[in-house]
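Structure assessment
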Amino acid sequence: MSVKLTFVSSGDGGGISRSCSFTGFSTVQSRKLAKSLSRSSVRSRMSLKSPKAYSSLQKGAVIWDPKPLQVKKIFEALKKGLNEYLEAHQAELDYLSDRHKDTKRNSRLAFYYDLDKQIRSVERYIRKLEFHISKVEELYEAYCIQCRLRDGATNMKHAFSLSPSTKASRESLVELYKNFQECTEDMCFIEGALEVHLGEFHLKMKGLVGFARLCPGDQYEVSVRLGRQKWRLKGKIETDDSQTWDEEEKIFIPNLHEPFEIKVTELRGLATVLVGVVTCDSINFFTTKPQAIIVDITELGTIKLQLEVLWKAGAG
């Protein structure tokens, strides 16, 4: 499959498109609108956890910088992947139910009860998946509401900044700035809550491909980073052209904002030579089946890295 690659560059931030249709308000209207933008806390309404519970809000991360366009992409990919899981398990339930009916008529009692246990297990997982999907949809709906309120506050602030300054307009600006900050804060908390529902990525190392570039005795170090999570492994090219690696698999928790960063260096005694660094978008990984990916480490593709990615929904 193809994945989005960017050589030695950071991921796009993704801003918010602002409406240009604002035509101005009277002082009374502006005060009413400013009050209407104030909200009862999203965190109290939706029972969100403290910021320490979410990786995107931990120390060292950019706290109050929501990314609505990126969140939309992840939400759509996540929902599609969850629906794939739901369809697959529904198909499995239909198959087991058909066998259950046939077994009840024709087969052994023990086998019948074993099938019954499997059916109950799949039914429980389907209910968990359905709840998982509804929770993700609820969080994203709340996120979109806060985003629209934030956009409205931004447009009104811009309009007031172009009008003559009065005491009433200055008071409205202070209130609008407060509302803007509150909406921004709540958007970030919802992003953190969404991350909890992203599941897990299981990465397996499949080796380097380099044709003439890889020679027996060559040693390489591969570093895979996702936000604050890091996987570093070392490998060696053997005399029969096979490869040995000190680790095979690593679990990553998906991140809303950060792409995978893959770095390959060649180890030459005490020296290290950088082969290449690429970033890889994780949006395409939210699917039920394992994906074999081949990443060009160098711009000319003379050395490639083979990985297998399996996403687990985390609803179980």
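Heads up: the structure comes first, above all this text.
Being a predicted model, the structure only gives us computed values, none of them experimental. (Residues numbered from 1 in each chain as written. Predicted model: local features only at pLDDT ≥ 70, side-chain atom pairs only at ≥ 80, totals over all residues. Heavy atoms only, no water.)

**Some remarks on the overall build of the protein chain**
Short version of the rule: Numbering goes from the N terminus for both helices and strands, where a helix is a DSSP run of H or I of at least four residues and a strand is a run of E of at least two. A 1.4 Å probe rolled over the protein chains alone gives each residue an accessible area, and that area as a share of the maximum for its type sets the label: buried under 20%, exposed over 50%, partly exposed in between. Values of accessible area rely on a 1.4 Å probe in the Shrake-Rupley scheme; residue burial ignores everything except the protein chains shown.
When helices and strands are counted, the protein chain shows five helices and ten strands. In the protein chain, which comprises 316 residues, the proportion classed as buried is 42%. Split by element, the accessible area of the protein chain, about 17800 Å² in all, is 52% carbon and sulfur.

**Description of the packing of aromatic side chains**
So the rule is basically this: Think of it this way: a Phe, Tyr or Trp ring, Trp meaning its six-membered ring, pairs with another when their centres are within 6.5 Å, and the plane angle makes it stacked under 30 degrees, edge-to-face over 60, tilted otherwise. For a ring to carry a charge above it, either NZ of a lysine or CZ of an arginine must fall within 6 Å of the ring centroid while also lying within 35 degrees of the normal to the ring plane.
Inspection of every chain in the model, using the stated rule, returns nine aromatic pairs. Ring geometry for F75 against Y140: centres 4.0 Å apart, planes inclined by 10 degrees, an arrangement best described as stacked. In this pair, F75 sits in helix α3 (residues 68–106) while Y140 sits in helix α4 (residues 109–162), placing the two residues 65 residues apart along the sequence. Using a relative accessible area of 11% as the deciding quantity, one classes F75 as buried. Classification of Y140 as buried rests on a relative accessible area of 14%. Between F201 and F260 the ring centres are 6.0 Å apart and the planes differ by 45 degrees, which places this aromatic pair in the tilted class. Highlighted residues: F201 in strand β2 (residues 200–209) and F260 in strand β7 (residues 260–268), separated in sequence by 59 residues. For the pair F201 and F260, a shared accessibility class is recorded, and that class is buried. Aromatic rings pair up to connect Y85, F201, F252, F260, F285, F286 and W311 into one cluster. Over the aromatic face of F180 sits the side chain of K157, whose NZ or CZ is 4.2 Å from the ring centroid.

**Observations regarding the pairing of strand β10 (residues 304–312)**
On a regular strand, each side chain points to the face opposite its neighbour's, so the side chains alternate between the two faces of the sheet. Quick reminder of the rule: When DSSP locates at least two bridges between a pair of strands, those strands are taken to pair.
The alternating pattern of β10 places L305, L307, V309 and W311 on a buried face and K304, Q306, E308, L310 and K312 on a face that is not buried. The pairing of β2 with β10 spans nine bridges and is antiparallel. Bridge pairing in β10 links F201 to W311. Alignment of strand β9 (residues 291–296) against β10, held across six bridges, turns out to be antiparallel. Bridged to I294 within β10 is Q306.

**Here's the deal with the environment of I297**
Its location among the elements puts I297 in the loop between β9 and β10. Using a relative accessible area of 1% as the deciding quantity, one classes I297 as buried. For I297 and T279, which are 18 residues apart along the polypeptide, the C-alpha to C-alpha distance reads 9.6 Å.

**Some points on the nonpolar core**
Note the following rule: Take the buried Ala, Val, Leu, Ile, Met, Phe, Trp, Tyr and Cys residues and link them wherever side-chain atoms come within 4.5 Å; each set so joined is a nonpolar core. Residue ranges assigned to each domain were obtained from an automatic or database domain assignment.
Counting residues in hydrophobic clusters, the biggest one holds 60 residues, and the most contacted among them are F201, L203, F260 and I297. Both domain 1 (68–196) and domain 2 (200–312) contribute no fewer than three residues apiece to this core. Counting residues in hydrophobic clusters, the runner-up holds five residues, among them A153, M156, L176 and F180.

**What about unusual backbone geometry?**
Look at D241: it is not a glycine, yet its phi comes out positive at around 70 degrees. Position of D241 relative to the elements: it lies in the loop between β4 (229–237) and β5 (243–245). Taking the relative accessible area as the measure of exposure, D241 reaches 54% and is therefore exposed.

**What to know about the environment of K79**
The cut-off we apply is this: Polar contacts, as used here, are pairs of N or O atoms within 3.5 Å; protein pairs need one atom able to donate a hydrogen and one able to accept it. Residues neighboring in sequence count only if both atoms are side-chain atoms.
Looking at the element boundaries, K79 is found in helix α3. Residues K79 and V136 lie 57 residues apart in sequence; the distance between their C-alpha atoms is 7.8 Å. Within the structure, the side chain of K79 is placed 2.9 Å from the side chain of E137, a separation counted as a polar contact.

Remember, this is a structural readout, not a statement about activity or role.
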